[in-house]
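Structure at a glance
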Amino acid sequence: MRVITIFRHGDRGPLTTLDDKRKINCSSYITERYKRLEKFVRTYKSETLAAKLLPRSDFCIPGVLSKQGASQLIELGNGFKESYAKHCNFSDSNIIKHLSANTTSYSRTIQSAYSFLFGLVGSMFLNINLQKSGDVTFCSKYCRCEAANRFEKLHKFELNDLFKSDVSLAHFSPQVRRILKNSEKSKKSILPTTLKDILLHYACHDEIPGCSADESLCVNSTTIIPLDYYLQREAEASSSGLNLKKAGILRAYGLLNTIDQQILSWINMSKKRKAKTFLYFPYFNVFSGHDLTLMYILASLGIYDGYLPQYASRLTFEVLSKRGQYYLRVLWNGFDVSQNICPSSQTYCNARFLATFIRFEMKRYFQTDDFMRACNL
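Residues numbered from 1 in each chain as written. Predicted model: local features only at pLDDT ≥ 70, side-chain atom pairs only at ≥ 80, totals over all residues. Heavy atoms only, no water.

**Observations concerning the pattern of salt bridges**
Inspection of every chain in the model, using the stated rule, returns 13 salt bridges. Among the ionic pairs, Lys-35 bridges to Glu-32, the shortest N-O distance being 3.3 Å. Of this pair, Lys-35 and Glu-32 both sit in helix α1 (residues 32–42), three residues apart, which is roughly one turn of that helix. A relative accessible area of 41% places Lys-35 in the partly exposed class. Among the salt bridges present, the one from Arg-364 reaches Glu-361, with a minimum N-O distance of 3.5 Å. Of this pair, Arg-364 and Glu-361 both sit in helix α13 (residues 353–366), separated by three residues, roughly a single helical turn. In the salt-bridge network here, residues are joined through shared partners; they are Glu-38, Asp-58 and Lys-67. (Salt bridge = Lys/Arg side-chain N within 4 Å of Asp/Glu carboxyl O. Helix = DSSP H or I, 4+ residues; strand = E, 2+ residues; numbered from the N terminus. Buried < 20%, exposed > 50% of the residue type's maximum accessible area, 1.4 Å probe, protein only.)

**Here we look at the environment of Tyr-253**
Following the sequence through the fold, Tyr-253 ends up in helix α9 (residues 242–272). As for Tyr-253 and Cys-143, which are separated by 110 residues in sequence, their C-alpha atoms are 8.9 Å apart.

**So, the side chain of Lys-246**
Within the secondary structure, Lys-246 is located in helix α9. Buried charge without a partner: Lys-246 forms no salt bridge, and the closest opposite charge is Glu-158, 9.3 Å away. Discounting chain neighbours no more than four positions away, the residues touching Lys-246 are Phe-151, Tyr-365 and Phe-366. (Lys, Arg positive; Asp, Glu negative; His and termini not counted. Contact = heavy atoms within 4.5 Å.)

**Quick notes on the packing of α9 against helix α11 (residues 291–301)**
At a minimum axis separation of 7 Å, α9 and α11 run at an interaxial angle of 110°. Relative to α11, α9 is oriented roughly perpendicular. Listed contacts from α11 to Leu-244, Lys-245, Gly-248, Ile-249, Arg-251, Ala-252, Leu-255 and Leu-256 of α9 are Thr-293, Met-295, Tyr-296, Ile-297, Ala-299, Ser-300 and Leu-301. (Axes fitted to C-alpha atoms, helices over the stretch in contact; angles between N-to-C directions. Parallel < 35°, antiparallel > 145°, perpendicular 65-115°, else oblique.)

**Here's the deal with α1**
Taken as a whole, α1 has its buried residues at Tyr-34, Leu-37, Glu-38 and Val-41. An end-on view of α1 places all buried positions within 95° of arc, on one side of the element. The outward face of α1, more than 90 degrees from its buried face, is lined by the exposed residues Glu-32 and Lys-39. (Arc of directions from axis to C-beta.)

**Brief notes about the pairing of strand β4 (residues 283–289)**
Here β4 lies mainly inside the structure; seven of its seven residues are buried. Of the two faces of β4, the one holding Tyr-283, Asn-285, Phe-287 and Gly-289 and the one holding Phe-284, Val-286 and Ser-288 are both buried throughout. In this sheet, β4 lies alongside strand β1 (residues 2–8) in parallel orientation, the contact comprising seven bridges. By the bridge assignment, Phe-7 is partnered in β4 with Ser-288. Relative to β4, strand β2 (residues 99–104) runs parallel, the two sharing five bridges. Within the sheet, the bridge partner assigned to Ala-101 lies in β4 and is Val-286. (Pairing = 2+ DSSP bridges.)

**Some details on the pairing of strand β6 (residues 325–332)**
Bridge count between strand β5 (residues 314–322) and β6: eight bridges; the pairing is antiparallel. Across the sheet, Val-319 pairs through a bridge with Leu-328, a residue of β6. Here β5 folds back onto β6, and the loop between the two strands holds two residues, one of which, Arg-323, carries a positive phi near 55°. Summarising the sheet, β6 and strand β8 (residues 349–350) pair through two bridges and their orientation is antiparallel. Within β8, the residue paired with Leu-328 across the bridge is Cys-349. The sheet contact formed by β6 and strand β7 (residues 335–336) spans two bridges and is antiparallel. Counterpart to Leu-331 in the pairing with β7 is Asp-336. If you look at the hairpin formed by β6 and β7, you'll find two residues sitting between the two strands, and Asn-333 has a positive phi there, around 50°.

**As for the packing of α9 against α13**
Running from amino to carboxyl end, α9 crosses α13 at an angle of 150°, the nearest separation of the two axes being 10 Å. Comparing their axes, α13 and α9 come out roughly antiparallel. Here the hand of the crossing between α9 and α13 comes out left-handed. Mapping the contact onto sequence places Leu-242, Lys-245, Lys-246, Ile-249, Leu-250, Tyr-253, Leu-256, Asn-257, Ile-259 and Asp-260 in α9 and Leu-354, Ala-355, Ile-358, Glu-361, Met-362, Tyr-365 and Phe-366 in α13. Split by residue class, the contact of α9 with α13 holds 12 nonpolar, one polar and four charged. (Left-handed = near helix turned anticlockwise from the far one by under 90°. Nonpolar A, V, L, I, M, F, W, Y, C, P; charged D, E, K, R; others polar.)

**Overview of the nonpolar core**
Residues Leu-250, Leu-301, Leu-315 and Phe-317 are the most contacted members of the largest nonpolar core, which totals 52 residues. With 12 residues, α9 is the single largest residue contributor to this core. In this structure, Leu-315 is in contact with Ile-4, Thr-5, Ile-6, Leu-294, Ile-297, Leu-298, Leu-301, Val-330, Leu-331 and Trp-332, ignoring residues within four places of it in sequence. Ranked by size, the runner-up nonpolar core spans 40 residues in total, among them Phe-80, Ile-95, Phe-118 and Phe-284. (Core = buried A, V, L, I, M, F, W, Y, C linked by side-chain atoms within 4.5 Å.)

**Description of the packing of aromatic side chains**
The full count for this structure, using the stated rule, is 18 aromatic pairs. Judged by centre distance (5.3 Å) and plane angle (80°), the rings of Tyr-84 and Phe-284 are edge-to-face. Within this pair, whereas Tyr-84 is found in the loop between α3 (67–83) and β2, its partner Phe-284 is found in strand β4, the two being separated by 200 residues in sequence. We classify Tyr-84 as buried; its relative accessible area is 6%. On the basis of relative accessibility, which here comes to 2%, the residue Phe-284 falls in the buried class. Where Tyr-142 meets Tyr-253, the ring centres are 4.9 Å apart and the plane angle is 75°; that geometry is what we call edge-to-face. Of this pair, Tyr-142 sits in the loop between β3 (130–133) and α5 (146–165) while Tyr-253 is found in helix α9, placing the two residues 111 residues apart along the sequence. For Tyr-253, a relative accessible area of 9% puts it in the buried group. (Phe/Tyr/Trp six-rings, centres within 6.5 Å; stacked < 30°, edge-to-face > 60°.)

Next up, the structure:
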């Protein structure tokens, strides 16, 4: 078995806050495994190493991984360790040779990657070299794409128009402007997903949001209940949006190609090897990314439900072999979605399904399977 998993970083401070002066404790729900990581890192007595591997505060910092977030990824890594224990001994030092880890350049994804690896292989995680990508999509050589930018902008315009034109959604924008009266974003167009991110900053850490500057509007149950409806409408528009689908295909093109090439190399390698112990020794390829990283791939595969992936969400590709044939099993947060992606298959996808799928979707939506041509349309 070979495994590729792409996950979102753990809990972080919100990118927008209601009150920049208020400190929220984001270390109330740390796990025993996180405490072990912290203790292990402190033994090196290196502030540089600690800053690289660990969240730097007990309190939420905008855009920065929290200790709770690191805990989530350690537990996720440990979950993978338990799930694949029958295939591999993660305590064996040789496992390091068969692990590949990739991350974007943000501190929250770098620390999430290290946390995941600590949960997976323990103290050996320091021996794993992280490959850093400058783009949230891990696009490799398929990054610059004007068409993708255009389709994303069109999708955002569609969402904004929805909240302006639909009578049942008309109260959302005025409410948000009052709630964010002192925020830089108060004058900008805010979607429900942004407000959800702000509110989860409080809800996930047992805090109660304050009121707006003039105290005339407080964030309470009457505000939250309509938000659920607003989020549902946004999700419906996003999951069915043609422009987001097109943007997703182009944004995910590079990473899906990388995954397919990795699968191809595994298949070729397995066919050449004779030692069964090596054949069934699992390979792991890890990508530590963002909600957008996953959103693009999910949208391109046609399984995006419109809700941005939660912290520590993961999309996993398992390459299986049986009687000389190779198959691809796809798991979204632990649930098998192979048949959603490959409806013609009774069980799993063909191992090289992604190569066929990418070409088909490109021709279907852009009348060409050439990436640069599609980007210049």
